[in-house]
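What follows is each chain in one-letter form.
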Amino acid sequence: MRDVPGHQNHAANSRRKPLAPLPHELSGPLRDFAAALRRMHGELGYSLKELEGRLPASRSALSRYLRGRSLPDERLLVQWCKLSFTGKDRLPALVDLLHRAQEAADAGERGATAPSPGEVTTTGETTTTGETAATGETATGEQAPHGGDGAVSPARRLLRLALAALGTAALLMAAALAVLALTQPDDDVESPVPRLPARGTGSALITVHNVERDCQGKRTAHCALSLARDPYRPYRRPNVVGHVWHGDELHAVCRIANGVTVTDEVGGHSSTWFRIKYDGQQRWVPGIRIRPEQLENTALPSCPESAPTAPPTSRLSTP
């Protein structure tokens with residue numbers, strides 16, 4: 001077996017054992033994303049034990065991502081890519097592949113090794129499967145073949161082409177917006193960020209808080225924080241019904257303490273959620289996304305109980 005290169009800053013790292021090849025039954029967008037993630041991860045030179053200390057994810061979860069058993073959320077993927085010198089170049093394609101894999105999983109297109117209900121959470125953290133990460137430490141960077149899939153049906157081919165077209169259109173739109181932003185005159189004075197007016201007639205005022213300092217003065221799609229329809233469902237795109245930004249003021253109606261647990265970019269986590277009135281509709285905002293001193297707002301009543309007593313745990317996913 002050829003030597004696996006160590007981390008670029010630690011050339012003396014010992015040789016690492018590679019992961020087993022991807023299962024033949026793993027196919028479609030799920031396999032494409034897993035293979036691309038393995039290639040990017042193979043450049044890092046970190047063992048899973050070392051990587052566990054640099055990312056907000058367990059060693060078992062990282063192993064499952066690299067074997068195609070579950071999908072990471074987008075913010076974890078961004079942090080993962082930042083550890084590699086070439087990660088920023090790979091990030092747009094990896095995010096596009098992740099979106100396709102999530103859509104395939106949501107639509108029920110799952111291989112034998114894809115996540116199943118009750119087995120993993122939104123970000124792939126295992127619950128009670130008893131499975132370990134004993135199949136190897138890190139990826140080798142080589143993409144496993146798609147053997148055993150057979151001929152691709154016309155319907156699947158059309159679906160892949162449609163998804164590819166959507167991804168290309170999204171990248172072109174992002175590029176156009178970037179060019180437009182770069183060509184705007186720069187007066188060396190940062191304009192104040194407009195804040196959304198408070199909506200609704202709730203019983204307490206709360207303020208949106210983004211822990212990422214780079215996002216505290218921007219109102220871009222990357223810095224948007226999602227509002228959810230149901231605080232007991234996974235915090236993913238199918239559950240998103242709106243977005244807010246750092247500094248926005250919202251009127252809260254009530255709160256719960258047993259919603260899905262959301263973890264932010266620096267490792268803070270909370271299962272508290274606030275129900276708000278937003279554009280005349282009932283919406284939910286995670287407690288981890290408001291100012292810390294407002295999280296224990298005792299003036300708010302508890303919302304009526306209407307959900308399971310043990311909701312799933314979810315790391316942040318920006319839909």
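Participant: Residues and numbers for the nonpolar core, please.
Facilitator: Counting residues in each nonpolar core, the largest one holds 31 residues, and the members touching the most others are Phe-33, Leu-37, Leu-62, Leu-77 and Trp-80. Going through the elements one at a time, α1 (28-41), α2 (48-52), α3 (59-66), α4 (74-82) and α5 (87-106) are the ones with two or more residues in this core. Here this core gets seven residues from one element, more than from any other, and that element is α1. The contact partners of Leu-37, leaving out residues within four places of it in the chain, are Tyr-65, Leu-66, Leu-77, Trp-80 and Leu-94. Judged by nonpolar contacts, the second largest core, of 15 residues, contains Leu-227, Tyr-278, Val-285 and Ile-290.

Participant: Give a detailed account of α4, specifying residues and quantitative values.
Facilitator: What sets the pattern is the α-helix's 3.6 residues per turn: residues three or four places apart point alike. Burial of α4 is extensive: seven of the nine residues sit out of reach of the surface. Taken together, the buried residues of α4 touch α1, α2, α3, α5 and β2 (225-228). You can read the cap of α4 off the contacts: a side-chain oxygen lies 3.1 Å from the backbone nitrogen of Arg-75, and it is on Asp-73.

Participant: Before we move on, can you summarise the pattern of salt bridges with the specific residues and values?
Facilitator: Applying the stated criterion across every chain, the model contains nine salt bridges. With its nearest N and O atoms 3.0 Å apart, the salt bridge here joins Arg-75 to Glu-212. Of this pair, Arg-75 sits in helix α4 while Glu-212 sits in the loop between β1 (204-207) and β2, and the two are 137 residues apart along the sequence. Taking the relative accessible area as the measure of exposure, Arg-75 reaches 10% and is therefore buried.

Participant: Let's hear about the state of the cysteines: which residues, and what values?
Facilitator: This structure, assessed with the given rule, holds two disulfides. In this model, Cys-215 is linked to Cys-223 through a disulfide, with the two sulfur atoms separated by 2.2 Å. Taking the sign of the S-S torsion, -70° for the link of Cys-215 and Cys-223, the bridge is left-handed. Paired through a disulfide, Cys-254 and Cys-303 show a sulfur-sulfur distance of 1.9 Å. Judged by the sign of its S-S torsion, about 105°, the bond between Cys-254 and Cys-303 is right-handed. Here the residue Cys-254 occupies a position in strand β4 (residues 249-256), and Cys-303 occupies one in the loop between β8 (281-286) and β9 (313-315), the gap between them amounting to 49 residues. Overall, the relative accessible area of 3% leaves Cys-254 in the buried class. With relative accessibility at 6%, the residue Cys-303 sits in the buried group. The connectivity of the disulfides in the protein chain is 1-2, 3-4, where the numbers refer to bonded cysteines in sequence order.

Calculation notes
Residues numbered from 1 in each chain as written. Predicted model: local features only at pLDDT ≥ 70, side-chain atom pairs only at ≥ 80, totals over all residues. Heavy atoms only, no water. Core = buried A, V, L, I, M, F, W, Y, C linked by side-chain atoms within 4.5 Å. Buried < 20%, exposed > 50% of the residue type's maximum accessible area, 1.4 Å probe, protein only. Helix = DSSP H or I, 4+ residues; strand = E, 2+ residues; numbered from the N terminus. Contact = heavy atoms within 4.5 Å. Polar contact = N/O pair within 3.5 Å; in protein donor to acceptor, adjacent residues only side chain to side chain. Salt bridge = Lys/Arg side-chain N within 4 Å of Asp/Glu carboxyl O. Disulfide = S-S within 2.5 Å.

Spatial relationships are all this shows, so hold off on functional conclusions.
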